[in-house]
Amino acid sequence: MPSDPIITKGWRRFVSPSYGDVCKFHPTCSAYGLEALETGTVAIYRTLYDRIFWDLDHARHQLSGPKIDFADLIHSAAHLRLVIEQITMASFAASHTLVSQANVAVSNSRKFDSAQKILRKLNPHYWPASFGKVTHGGREGLGVRSGVGLQEAEIGRYFGLLSEVLHAQTPYVLKKRRRPPEEYLSEYRTLEEKLSLLLESHIVQMADTPEYLYLTRNGKEISTQAFSTDQKLLD
């Protein structure tokens, strides 16, 4: 059986019918293999988010103590920046080539704005959207929750705030920039809250495919599933 999902779909549609119903297994080998191939992306995405939530939880812990020192601020900044960087990579999980290109774009950019342009070219919908219960026309159902959580337009500003602390060797460096450590603390707490709101229930459109991944988190339990739709969910 072919090991590529596109080839497998082609086999099932065009080649397999010419042989007739000869496979003794149910589901057929190609159907079973296709499911395994397609759920591979789901598994990779889930694994990525295990790490993303680990970093997000640690950032929350660093920011929630009764007394926050400079070390806590740096550690929380490191965790939050990793969260943002990993989220930008997640929609490219099915393609090693695209992941590499996205990684280079983010790693080599002093400001996120330049990386953002490359990411949008690779996948216009690389940033996830909050997805959950919505009311439309008096009816309740699942849909995109506009404006919930961290929006793509906000990434650059927060990325800069994180970088300022990560590149500061002492608290005095921050004060020279006319922004006291307490202000960074407030901004980081807001960022953590926005990320948590966004990621607890979201969808993302994978690069180079019409497929969406839908992820929810309840406590420590993460559920991920793939789906396709003819409706346009993301602008």
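Position labels on residues start from 1 in each chain and follow its written sequence. Reporting of local features is limited, given that this is a predicted model, to residues whose pLDDT is at least 70; pairs of side-chain atoms are given and counted only at 80 or more, and all residues count toward the totals for whole chains, interfaces and linings. Values shown for side chains rest on all heavy atoms present in the structure; no hydrogens or waters enter the calculation.

What follows covers the overall build of the protein chain. Assigned secondary structure in the protein chain consists of eight helices and five strands. Two residues form a contact once any of their heavy atoms are found within 4.5 Å. In the protein chain, 62% of the contacts between residues at least 6 apart in sequence involve partners at least 24 apart. In the structure as shown, the protein chain presents an accessible area of about 14,000 Å², 52% of it carried by carbon and sulfur atoms. Helix and strand assignments follow DSSP, with helices taken as H or I runs no shorter than four residues and strands as E runs no shorter than two, numbered in order from the N terminus. Each accessible area is a Shrake-Rupley result for a 1.4 Å probe, and residues are judged covered by the shown protein chains and nothing else.

Attention now moves to the pattern of salt bridges. Charged atoms that come close allow side chains of opposite charge to pair. We define a salt bridge as a side-chain nitrogen of Lys or Arg found within 4 Å of a carboxyl oxygen belonging to Asp or Glu. Inspection of every chain in the model, using the stated rule, returns ten salt bridges. Among the salt bridges present, the one from Asp-57 reaches Lys-220, with a minimum N-O distance of 3.0 Å. Residue Asp-57 is found in helix H2 (residues 29-63), and its partner Lys-220 is found in the loop between strand S4 (212-218) and strand S5 (221-227); the two are separated by 163 residues along the sequence. Under the scheme applied here, a residue whose accessible area is under 20% of the maximum for its type counts as buried, over 50% as exposed, and between as partly exposed, the area being computed with a 1.4 Å probe on protein chains only. According to the relative accessible area criterion, Lys-220 is exposed, its value standing at 65%. The salt bridge involving Glu-154 is made with Lys-194; its shortest N-O contact spans 2.4 Å. You can see Glu-154 sitting in the loop between strand S2 (139-144) and helix H6 (155-166) and its partner Lys-194 sitting in helix H8 (residues 181-199), a full 40 residues away along the chain. One connected set of salt bridges, linked through shared partners, spans Asp-57, Arg-60, Glu-192, Arg-217 and Lys-220.

On to H6, then. One less than the residue count of a helix, multiplied by 1.5 Å, gives the span that helix is expected to have. For H6, with twelve residues, the first-to-last C-alpha span of 16 Å sits near the 16 Å given by 1.5 Å per residue. What H6 keeps buried is the set Ile-155, Tyr-158, Phe-159, Leu-161, Leu-162, Ser-163 and Val-165.

Among the seven residues in S4, five count as buried, and that is most of the element. One ladder, built from five bridges, connects strand S3 (residues 201-205) with S4; its direction is antiparallel. Note that in S4 the partner of Ser-201 across the bridge is Thr-216. Here, any two strands with at least 2 DSSP bridges between them count as paired. Hairpin remark: S3 followed by S4, antiparallel, with six residues in the connecting loop; positive phi at Asp-208, about 60°. Relative to S5, S4 is paired through seven bridges, and the arrangement is antiparallel. Paired with Tyr-214 across the bridge in S5 is Gln-225. Connecting the antiparallel pair S4 and S5 is a turn made up of two residues, with Gly-219 showing a positive phi of about 70°.

Turning next to the sheet that holds S2. A sheet is described by the order of its strands in space; here five strands give the open sequence S2-S1-S3-S4-S5, paired in antiparallel fashion. Two strands close off the open sheet at either side, each with one partner strand: S2 and S5. Strand-to-strand twist of the sheet, defined as the mean angle between neighbouring strand axes without regard to direction, takes the value 30°. Angles run from 0 to 180 degrees between N-to-C directions of axes, and those axes are lines fitted to C-alpha atoms, restricted for helices to the stretch in contact. Sitting on the sheet, H8 is in contact with strand S1 (129-136), S3 and S4, with an inclination near 75° to S3.

Turning our attention to the environment of Leu-122. Residue position: Leu-122 is located in helix H5 (residues 112-122). C-alpha separation for the pair Leu-122 and Leu-98, spaced 24 residues apart in sequence, amounts to 7.2 Å. When neighbours within four sequence positions are excluded, Leu-122 is seen to be in contact with Phe-92, Leu-98, Gln-101, Ala-102 and Ala-207.

To qualify as a nonpolar core, a set must consist of buried Ala, Val, Leu, Ile, Met, Phe, Trp, Tyr and Cys residues joined through side-chain atoms within 4.5 Å. Counting 47 residues, the largest nonpolar core has Tyr-49, Leu-80, Tyr-188 and Leu-199 as its most contacted members. Breaking this core down by element, the ones donating at least two residues are H2, helix H3 (70-90), helix H4 (96-107), H5, H6, H8 and S4. For Leu-199, the contacting residues outside a window of four places in its chain are Tyr-49, Ile-52, Phe-53, Leu-56, Val-83, Ile-87, Pro-128 and Leu-215. Within the second largest apolar cluster, six residues are counted, among which are Ile-203, Tyr-212, Tyr-214 and Leu-234.

We now examine the pairing of S2. Where S1 meets S2, six bridges bridge the pair, whose relative direction is antiparallel. The partner of Gly-132 across the bridge, within S2, is Gly-143. The antiparallel pairing of S1 with S2 creates a hairpin that spans two residues between the two strands, and Gly-137 there sits at a positive phi of about 65°.

Here we take up the environment of Met-206. You can see Met-206 is positioned in the loop between S3 and S4. Taking the C-alpha atoms as reference, Met-206 lies 6.3 Å from Phe-92; in sequence the two are 114 residues apart. Leave out the neighbours within four places in its chain, and Met-206 touches Thr-41, Tyr-45, Ala-90, Ser-91, Ala-93, Ala-94, Asn-123, Glu-211 and Leu-213.

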